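What follows is the residue order along each chain.
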Amino acid sequence: MFSCFLKSFKLKTTYRVNTFIYSVKQLPIIKNLLKNTLYSNKPLKVLGLIFSIILELIDTFLGKFLYVFLIIFSLASIYEGESSNSVFIHIFIFLTIAGSFMNTYMFNPTKDKYYAMFSLRMDAKLYTLTNYYYTILKVIVGFLPFTIIFGLMSHVPLIICLIIPFFVAAAKIIVASYLLKQYEKKDQIIDENHPLKGMWILTGILLALAFALPYFHLTIPLIPSLIFMIITIIFSLTRLSYLNNFNKYKEIYKIILTEGNMNLASYKTNSTNIQKKQIEKQINIKDNVTSNKHGYAYFNDLFVKRHSKILLSSAKKVTVFALIAIIVCIIIIKALPPLALEINNWLLVMLPYFVFIMYLINRGQVVSQAMFMNCDHSMLTYGFYREPKVILNLFRERLKSVIIINLLPATIIGLGLTLILFVSGGTDNILEYPLLFISIIAMSIFFSVHHLVMYYLLQPYNVNSEMKSSTYQVVNFLTYLACYWMIELQIPIFSFGLMTIIFSILYCLISLILIYKLAPKTFKLRV
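Treat the numbers as computed from the prediction; the structure is a model and nothing was measured.

Caption draft 1: Just the overall build of the protein, in detail. Scanning the protein from N- to C-terminus turns up 20 helices and zero strands. Once local pairs closer than 6 in sequence are excluded, the contacts in the protein between residues at least 24 apart make up 80%. Carbon and sulfur atoms provide 69% of the accessible area of the protein, an area that totals close to 27200 Å².

Printed below as a string of structure tokens:
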């Protein structure tokens with residue numbers, strides 16, 4: 001078993017090292033200085049190995065630290081009048097149960113699993129179990145220091161702090177065995193890229209129980225929490241024998257690793273056929289789809305109309321959810337007048353918080369990916385498609401479409417926030433009402449432009465729709481960090497709203513110039 005794990009670990013390390021070298025070769029300027037012989041360069045391989053070890057340590061510790069500190073410890077401290085230790089444990093228990101279903105580890109489709117089981121023909125059962133137990137061990141080791149540190153800071157008894165990481169591991173083992181049992185009964189397996197709708201509903205309920213109950217002074221006491229965690233750990237030990245005796249791991253991974261989760265040349269045909277069938281269900285290919293526009297406006301209009309289900313479905317769901325949330329918020333304000341003042345004070349200075357929300361709900365990246373997969377991956381083989389005038393005309397038409405799609409939820413959110421501000425107590429500065437609405441619209445337009453500009457200037461996909469641009473990923477990550485940082489800011493609506501509107505206008509103008517100047521060189525298929 002150990003030799004199997006060692007081989008799989010070496011495989012994952014090699015994959016990471018080669019990915020690191022490939023990413024370095026994709027960086028601007030640097031890529032022209034580097035040769036393909038880098039893959040056999042020993043010093044760079046050593047550097048890649050160090051990078052792989054750092055990733056392993058980050059995977060083990062950093063995510064757990066951020067999870068315990070930001071999601072549990074920080075949020076638990078905001079509940080006034082509640083014992084911090086009971087809130088800390090209460091939130092941890094419900095989030096652990098939710099995370100056990102949404103992040104199983106065992107059913108996460110990754111390329112190294114495919115290479116190991118289907119290219120190198122390693123024993124699927126041995127490979128799965130050794131790597132799963134190693135991951136479970138990382139869960140325990142990764143959580144332990146932070147549950148002790150932040151648990152003690154929340155006045156949680158040391159014994160419970162020590163038990164929590166084992167409880168997290170136990171919950172994951174129980175859920176994994178349950179899902180394997182479901183496969184035996186119903187021939188149905190759930191991978192982490194395609195959770196069922198029931199999973200999302202269950203997660204929503206658990207999140208509500210985790211964060212809403214403490215607000216109403218309802219938490220699980222320490223002793224029942226400790227008993228529940230101990231029972232969970234004991235029960236998980238009884239499920240280990242089931243995991244060890246299960247013999248259909250290869251069958252499961254044949255399903256998981258070929259459901260369009262990855263784009264590997266060795267089974268490209270099968271994956272492509274699956275994707276085509278999925279896309280055909282959502283594309284309107286009837287003859288009655290037409291347009292009265294001309295030129296590239298006609299070309300784009302037909303694309304949007306035929307792909308309306310793909311492009312609009314998510315935006316419609318977000319709009320409905322936002323509308324429900326706004327109605328619920330207004331009802332709460334009317335039912336609980338003391339809470340209205342808190343909401344009003346928060347809303348007057350927390351407009352920067354909505355930068356992160358607008359980033360999360362904006363569909364610009366999804367739309368640009370759909371444009372590539374269903375249009376550009378074929379059209380980019382033609383030279384005329386990359387001419388400056390063509391690119392600028394089509395970019396403008398696409399930008400209009402993306403903005404309209406994202407304006408659907410943005411308009412509801414903007415109007416809803418303005419209404420909530422008014423009914424919760426209002427503001428002395430009447431200009432803040434239109435500024436609040438317009439700034440939300442400006443954020444939506446900014447992200448629409450930003451994602452499309454990134455797509456045209458850093459076109460990250462190859463002909464198989466694989467992500468091949470490390471620069472694109474870096475820029476995307478930096479955008480995420482900048483938006484997340486905005487959560488911590490508290491700036492009045494008037495000041496931040498005005499800055500947001502001006503910045504969005506300038507960004508749009510600069511983007512058009514960059515697209516015209518640079519896109520003919522950058523908007524091409526990746527190798």
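There is more to say, and it comes next.
Caption draft 2: Region of the structure containing the environment of Ile361. Along the chain, the position of Ile361 falls in helix H15 (residues 353–361). With relative accessibility at 15%, the residue Ile361 sits in the buried group. In this structure, the C-alpha to C-alpha distance between Ile361 and Phe447, residues 86 residues apart in sequence, is 9.8 Å. Every residue in contact with Ile361, bar those within four places of it in the chain, is listed here: Val318, Asn406, Pro409 and Ile413.

Caption draft 3: Main features of the side chain of Ser511. Structurally, Ser511 can be placed in helix H20 (residues 493–522). When near neighbours in sequence (up to four residues on either side) are disregarded, Ser511 contacts Val449 and Val453.

Caption draft 4: Representation of the packing of aromatic side chains in the model. Evaluated as defined, the whole model comprises 31 aromatic pairs. Through a chain of ring-to-ring contacts, three or more aromatic side chains come together here, namely Phe356, Tyr359, Phe446, Phe447, Tyr480, Tyr484, Phe503 and Tyr507. The positively charged end of Arg239 is found above the aromatic ring belonging to Tyr242, 5.0 Å away from the centroid.

Caption draft 5: Molecular detail of the nonpolar core. Counting residues in hydrophobic clusters, the biggest one holds 38 residues, and the most contacted among them are Met358, Ile420 and Ile440. Residue assignment for this core shows that the elements contributing at least two residues are helix H13 (308–335), helix H14 (337–349), H15, helix H17 (388–423), helix H18 (432–458) and H20. Here this core takes nine residues from H18, the largest share from any one element. The residues contacting Ile440, other than those within four sequence positions of it, are Leu351, Phe354, Met358, Ala410, Ile413, Gly414 and Leu417.

Caption draft 6: Focus on the packing of H14 against H17. Packing of H14 against H17 brings their axes to within 9 Å, and their N-to-C directions diverge by 130 degrees. Taken together, the axis directions place H14 and H17 in an arrangement best described as oblique. Crossing hand, H14 versus H17: left-handed. Of the residues in H17, those touching H14 at Ile343, Asn344, Leu347 and Leu348 are Leu417, Ile420 and Leu421. Considering only residue class, the contact of H14 with H17 consists of six nonpolar, one polar and no charged.

Caption draft 7: How the structure looks around the packing of helix H6 (residues 124–153) against helix H9 (residues 222–245). Here H6 crosses H9 at 145 degrees, and the two axes come no closer than 10 Å. Contacts between H6 and H9 involve Lys125, Leu129, Tyr132 and Tyr133 from the first element and Leu240, Leu243, Asn244 and Asn245 from the second. Per-class residue counts for the contact of H6 with H9 are five nonpolar, two polar and one charged.

Caption draft 8: Just a nonpolar patch on the surface, in detail. A cluster of nonpolar side chains, Ile430, Leu431, Phe494, Leu498, Ile502, Ile505, Leu506, Leu509, Ile510, Leu514 and Leu518, forms an exposed patch at the surface whose accessible area comes to about 1000 Å². Turning to its location among the elements, Ile430 is positioned in the loop between H17 and H18. On the basis of relative accessible area, Ile430 is assigned to the exposed category, the value being 64%.

Caption draft 9: Expanded view of helix H16 (residues 364–379). At Phe372, H16 shows its maximal bend, which comes to roughly 50 degrees. Taken together, the buried positions of H16 are occupied by Gly364, Val367, Ser368, Ala370, Met371, Phe372, Cys375, Asp376 and Met379.

Caption draft 10: Main features of the environment of Asn85. Position of Asn85 relative to the elements: it lies in helix H4 (residues 84–102). Separated by 66 residues in sequence, Asn85 and Gly151 have C-alpha atoms that sit 7.4 Å apart. Apart from the residues lying within four places of it in its own chain, the contact partners of Asn85 are Ser154, His155, Val156 and Leu222.

Caption draft 11: Representation of H9 within the structure. End to end, H9 covers 36 Å across 24 residues, agreeing with the expected 34 Å (1.5 Å per residue, within 8%). A bend of about 30 degrees at Thr238 is the largest found in H9. Listed as buried for H9 are Leu222, Ser225, Leu226, Met229, Thr232, Ser236, Tyr242 and Leu243. In this structure, the buried residues of H9 make contact with H4, H6, helix H7 (158–186) and helix H10 (249–256).

Caption draft 12: Representation of the side chain of Ser368 in the model. Along the polypeptide, Ser368 turns up in helix H16. Not counting residues within four places of it along the chain, the set of residues in contact with Ser368 comprises Leu452 and Tyr455.

Caption draft 13: The pattern of salt bridges, seen in detail. One pass over the full model with this rule turns up three salt bridges. Here Lys138 makes a salt bridge to Asp59, at a shortest N to O gap of 2.6 Å. With Lys138 in helix H6 and Asp59 in helix H3 (residues 42–76), this pair connects stretches of sequence that are 79 residues apart. Across the pair Glu397 and Lys400 runs a salt bridge, and its minimum N-O distance is 3.6 Å. Pair noted here: Glu397 and Lys400 are both in helix H17, with a separation of three residues, about one helical turn.

Caption draft 14: Just unusual backbone geometry, in detail. The phi dihedral of Tyr105 is positive, around 75 degrees, even though this residue is not glycine. Note that Tyr105 resides in the loop between H4 and helix H5 (111–119). At His155, a residue that is not glycine, the phi angle is positive and equals roughly 65 degrees. With respect to the secondary-structure elements, His155 resides in the loop between H6 and H7.

What counts as what
Residues numbered from 1 in each chain as written. Predicted model: local features only at pLDDT ≥ 70, side-chain atom pairs only at ≥ 80, totals over all residues. Heavy atoms only, no water. Helix = DSSP H or I, 4+ residues; strand = E, 2+ residues; numbered from the N terminus. Contact = heavy atoms within 4.5 Å. Areas by Shrake-Rupley, 256 points an atom, 1.4 Å probe, with all protein chains shown as cover. Buried < 20%, exposed > 50% of the residue type's maximum accessible area, 1.4 Å probe, protein only. Phe/Tyr/Trp six-rings, centres within 6.5 Å; stacked < 30°, edge-to-face > 60°. Lys NZ or Arg CZ within 6 Å of the ring centre and 35° of its normal. Core = buried A, V, L, I, M, F, W, Y, C linked by side-chain atoms within 4.5 Å. Axes fitted to C-alpha atoms, helices over the stretch in contact; angles between N-to-C directions. Parallel < 35°, antiparallel > 145°, perpendicular 65-115°, else oblique. Left-handed = near helix turned anticlockwise from the far one by under 90°. Nonpolar A, V, L, I, M, F, W, Y, C, P; charged D, E, K, R; others polar. Patch = residues over 30% accessible without salt bridge, like charges linked within 9 Å, V, L, I, M, F, W, Y side chains within 5 Å. Salt bridge = Lys/Arg side-chain N within 4 Å of Asp/Glu carboxyl O. Bend = angle between axes of the 7 residues up to and from the residue. Expected span 1.5 Å × (residues − 1).

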